Amino acid sequence: MNTTSFWALRHAPVQARGLCYGWHEAKTGLSAEEAAERVLAYGQGEGQPLPRVEVVWSSPLQRCASLASVLATRLGATLALDPDLREIHFGEWEGRLWSAIEAEDAARMQEWMTNWQQVAPPGGESLPEFTARIERWWRLHAHKASTLLVAHAGVLRALEVLSGSLDWEQAMAREVPSLRPARFALPATSP
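Residues numbered from 1 in each chain as written. Predicted model: local features only at pLDDT ≥ 70, side-chain atom pairs only at ≥ 80, totals over all residues. Heavy atoms only, no water.

Here we look at the pairing of strand 2 (residues 55-58)
- Residues of strand 2 alternate between two faces, with Val-55 and Trp-57 on one and Val-56 and Ser-58 on the opposite face, all of them buried.
- Bridge analysis of strand 2 against strand 3 (residues 78-81) gives 4 bridges, and the strand direction is parallel. Note that in strand 3 the partner of Trp-57 across the bridge is Ala-80.
- With helix 2 (residues 62-75) bridging strand 2 and its parallel neighbour strand 3, the resulting β-α-β unit is right-handed.
- Bridge count between strand 2 and strand 4 (residues 147-151): 4 bridges; the pairing is parallel. Each bridged residue has a counterpart across the sheet, and for Val-55 the counterpart in strand 4 is Thr-147. (Buried < 20%, exposed > 50% of the residue type's maximum accessible area, 1.4 Å probe, protein only. Helix = DSSP H or I, 4+ residues; strand = E, 2+ residues; numbered from the N terminus. Pairing = 2+ DSSP bridges. Right-handed = clockwise from strand over helix to strand, strands pointing away.)

See below:
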């Protein structure tokens, strides 16, 4: 296994069209078993096979945790859930339609959209707070074992920013496909 990287993937696509969901539980269109089959098949088909995995880390949100649990069992790995791996928190906007937020909270939405790299949604967390949370996990846990991470698009984007491969503008412009394992850099120095 490459000791300068670990593997990570995004949960299955959710059924939440137009919904603001960060910490809000959103259902996926696939069962955890179906999603795990796709992850494992991807490694045997068009992608690179996953190396030996000792720990499957995951966000505790069910769209990640249920898949991570199945993958851990199938790979003979330990499952580790960490609240630091949750998606960015949208506060008062969680679970609401973006169209309703725009209609009912236009001024605060406009402020957030204009200054999204610094301003937090009302009652939520700012991008620097979110990035610091992901960095804490990345520095403390990513290097400890042969790791597979099951997380959210925002988490994977934060890892690209933290590793220096992209800035936030570039990361946000890039699609994060579901169920497709990819390598992510480990921190240059570990605690």
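Brief notes about the pattern of salt bridges
- Enumeration over the complete set of coordinates arrives at 9 salt bridges.
- Residues Arg-136 and Asp-84 are paired through a salt bridge, measuring 2.7 Å at the closest nitrogen-oxygen approach. Of this pair, Arg-136 sits in helix 5 (residues 127-141) while Asp-84 sits in the loop between strand 3 and helix 3 (98-104), and the two are 52 residues apart along the sequence.
- A salt bridge links Arg-139 to Glu-135, with the shortest nitrogen-to-oxygen separation between them at 3.0 Å. Residue Arg-139 and its partner Glu-135 are located together in helix 5, separated by 4 residues, close to a single helical turn.
- One salt-bridge network, in which partners are shared between bridges, spans Glu-92, Asp-105 and Arg-108. (Salt bridge = Lys/Arg side-chain N within 4 Å of Asp/Glu carboxyl O.)

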